[in-house]
Amino acid sequence: MGYLNSVDYTIIFVYFSILIGLGIYLQKKASASLEDYFLGGRSLPWWALGISGMASWLDVTGTMIITSFLFMLGPRGLFIEFRGGAVLVAALAMLWTGKWHRRSQCITGAEWMKFRFGEDFGGHFARIVSALAAVIGTIGMLAYMIKGVGLFMSMYLPFSPLLCAIILLGVAAIYTMASGFYGVVFTDIFQSGIVIIAVICISFMAWNKVTDGESLAVLAQEVTGNSQWITSSPHLETEMPAGYEQYRHLFMFALFYLMRNVFGGLGTGGEPKYFGAKNDRECGTLTFMTIFCIMFRWPMMMAFAVLGLFMVKGMFPDHAVLLQCADLIKANVTNVTENDWATVVSNIVHTPEMYSAEMVESIKQMLGEDWVNKLYLIGFHGTINPERILPAVVLSEIPMGMRGMILVALIAASMSTFDTTVNMTTGFFTRDLYQRYFRPRAQNRELITASWLFILFVVAVSFLFAHTIKNINDIWGWIVMGFGTGLMIPGILRLYWWRFNGGGFAIGTLCGLVAAVVQRLFWPEMDERVQFVVMAAIGLVGAILGTFLTKPTKPEVIENFYKITRPFGFWGKLPELLDSKKRQEMRKEHRCDLLALPFALTWQVSLFLLPMLILIKSWQACGITFVIFCIALMGLYLVWYRNLPKDNY
């Protein structure tokens, strides 16, 4: 179907060739040791780790879902993505949780459990459960990616969404297996450069389309039905299309998601980039770099949303045809569900002989010229499918030649997230399960081979799980509000409470893990707010019971942990282990970190809003946001940055 020309295919071929070439080139360096394979030998510069961190948060599935909310809500779509896409948890990792984990000098988060809880039963139990939770979480994340990648690529290639996902993630698996963390970082830097070029091109196109903010507001209301599209304030109530009604209470959701991020962020920091950082200062600066680089994602997504408004207006002057076409398909395709909708639409386009000729002909007559691209945009509920806006814009609004570059940028987004997620989880399996409990004397070659086999296994299981997902918003909501919340409370308590032990962590995590999986299997439609409350309560009860039903952590273990990590929280008499000078320095550090949090969060949110408001030419809101941004940045500098240590202490 002529969506790409020879220039586009050449760009895509060169991109994949460079990725595989980098993986092969770095294989020898990565294979030197497990520390090299999983942490890059702790020798990578902070700016490289920061850029890689940005790339690990930028995937095509997340880009599609955020673009869908920006299309429906305008800049206020950012507030829905307080649940995860806005990466607010990074502020806490930047200020304190990242450096707390780095001080342990561990390789993985599960190995850190031994450092925190010791080598007795509780410590081993915590380490095993932590690794298990990481594996299950990765399967959920990869299923989410598979769903989005399949939806995206099937609009360009004559294959089903499943086969498209297999091709794309297969290449990512090859270079991740070969090059480990070195490959993750260097390919992420390469892919970040591609993304920034795409941001500039797409933003320029959208900017030229917008004459002024008021005209855009009129167009947006006509296309989406949202009368508040141009504003940037999270209103108490806003209009939402079918399938997204739960988000109409926007301010409440934004506040709720903000609270969830602050609580969830208290337990973060156990990622490879922090274990691989050289010192405490670099844990902060690399995360600052990550957050700043993530900013480039938002004008790109807003540009896709703006171009989507103009595209939909041109394609569907009469929106009634959307419902008519959806009803026609439901009437002629037996037992079609929302889970199957994307596959059915793809099959009608690529293999129409599978369905009645009368139905296919009626669709063509109903949609008219360019019926294929129009059909992709029709959702199960007979409305515009916002999750298809991004790929549809690439098809309809981006000229051939440039289209290949944009595709590569979006593919790069998924590849970078895949390699980071898989590399981290493989470390859990190889270091914390295989080597520790099955083959403690295994040589380096055997351990890396086991890592490769594990990657293949996880990817295969993720494809099976992806088949149960009805849309990408559905699975993302569960990952953040169901699964993530189930693991949240034990993850927090381990950093702030002296009495919390390995048994409490393991039992609390298991309770939250099982509850989240059961909820997904039997009550998949549960409201995200209810998921949060139920999973957090179950995790908390399990953690408290587990703590008091099992033996406390040995004094020498908890004392060693406290002297090295120096966290704030409820630590009883443990601060007395430090001399008066150390205690004074520690109190100053804690005070600065905590006072900096509101400045960091405000800086981050205003940083993401600013380029979007500039792009849609909403000048009044832009001016107010800029003043807030400057105040927050100055506060962050005075309270936090200038107090960062020049070296470790």
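What counts and how
- Residues numbered from 1 in each chain as written.
- Predicted model: local features only at pLDDT ≥ 70, side-chain atom pairs only at ≥ 80, totals over all residues.
- Heavy atoms only, no water.
- Helix = DSSP H or I, 4+ residues; strand = E, 2+ residues; numbered from the N terminus.
- Buried < 20%, exposed > 50% of the residue type's maximum accessible area, 1.4 Å probe, protein only.
- Contact = heavy atoms within 4.5 Å.
- Areas by Shrake-Rupley, 256 points an atom, 1.4 Å probe, with all protein chains shown as cover.
- Phe/Tyr/Trp six-rings, centres within 6.5 Å; stacked < 30°, edge-to-face > 60°.
- Lys NZ or Arg CZ within 6 Å of the ring centre and 35° of its normal.
- Expected span 1.5 Å × (residues − 1).
- Core = buried A, V, L, I, M, F, W, Y, C linked by side-chain atoms within 4.5 Å.
- Axes fitted to C-alpha atoms, helices over the stretch in contact; angles between N-to-C directions.
- Parallel < 35°, antiparallel > 145°, perpendicular 65-115°, else oblique.
- Left-handed = near helix turned anticlockwise from the far one by under 90°.
- Salt bridge = Lys/Arg side-chain N within 4 Å of Asp/Glu carboxyl O.

Q: What am I meant to see in the overall build of the protein here?
A: The helix and strand tally for the protein stands at 28 helices and zero strands. Considering the protein as a whole, with its 649 residues, one finds that 62% of them fall into the buried category. Partitioning the intrachain contacts of the protein with sequence separation of at least 6 by distance along the chain shows that 82% fall at a separation of at least 24. Carbon and sulfur atoms provide 67% of the accessible area of the protein, an area that totals close to 24,300 Å².

Q: Honestly, the packing of aromatic side chains in this entry has me stumped. Any pointers?
A: The description of two aromatic rings rests on the distance between their centres and on the angle between their planes. Summed over all chains, the structure comprises 28 aromatic pairs. Seen from their ring centres, W207 and W619 are 6.2 Å apart, and the 70 degrees between their planes marks the pair as edge-to-face. With a gap of 412 residues between them, W207 in helix α10 (residues 161-209) and W619 in helix α28 (residues 619-639) connect regions that are remote in the sequence. Here a set of aromatic residues connected by ring pairs shows up, and it is made of W112, F115, F561, Y562 and W571. Over the ring of F380 we find K330, and its NZ or CZ is 4.2 Å from the ring centre. Lying across the ring of W112, R494 places its NZ or CZ 4.6 Å from the centre.

Q: Honestly, helix α5 (residues 60-73) in this entry has me stumped. Any pointers?
A: Count 3.6 residues to each turn of an α-helix, and residues three or four apart come out pointing the same way. With 14 residues, α5 should cover 20 Å at 1.5 Å per step; its first-to-last C-alpha distance of 20 Å lies within 8% of that length. Counting buried positions along α5 gives 14 out of 14 residues, so the element sits mostly inside the fold. In the stretch just after α5, G74 is the one whose phi turns positive, near 75 degrees.

Q: Explain the nonpolar core here, please?
A: The tendency in soluble globular proteins is for nonpolar side chains to be buried side by side. By size, the foremost hydrophobic cluster in this structure holds 187 residues, and its most contacted members are W298, F316, I363 and L375. With 14 residues, the single largest contributor to this core is helix α27 (residues 580-615). Filtering out sequence-adjacent residues up to four positions away, W298 remains in contact with I66, L70, L78, E81, G85, A86, F608 and M612. Residues A93, Y274, A277 and L286 belong to the second largest nonpolar core, which totals five residues.

Q: I would appreciate a short explanation of the packing of helix α7 (residues 89-102) against helix α12 (residues 250-265) in the present structure.
A: When two helices pack together, their arrangement is captured by the angle between the axes and the distance separating the axes. Packing of α7 against α12 leaves a shortest axis separation of 8 Å and a crossing angle of 30 degrees. Classified by the interaxial angle, the pair formed by α7 and α12 is roughly parallel. For the pair α7 and α12, the sense of crossing is right-handed. Of α12, the residues touching α7 (which contributes V89, L92 and T97) are N261, V262, G264 and G265.

Q: It is not clear to me how the pattern of salt bridges should be interpreted in this structure. Could you clarify?
A: Should the charged atoms of two oppositely charged side chains come close, the side chains can pair. Following the criterion strictly, the structure yields six salt bridges and no others. D280 is the partner of R103 in a salt bridge, and the nearest nitrogen-oxygen pair spans 2.8 Å. Note that R103 is positioned in the loop between α7 and α8 (109-117) and D280 in helix α14 (residues 280-294), a separation of 177 residues in sequence. Given a relative accessible area of 8%, R103 falls into the buried group. Each of K99, R102, R103, D280, E589 and D593 takes part in one network of salt bridges that share partners.

Q: Quick question: what am I supposed to make of the environment of E397 here?
A: In this structure, E397 sits in helix α20 (residues 389-397). For E397 and L307, which are 90 residues apart along the polypeptide, the C-alpha to C-alpha distance reads 7.4 Å. Residues within four places of E397 in sequence aside, it is in contact with M205, K209, L307 and M311.

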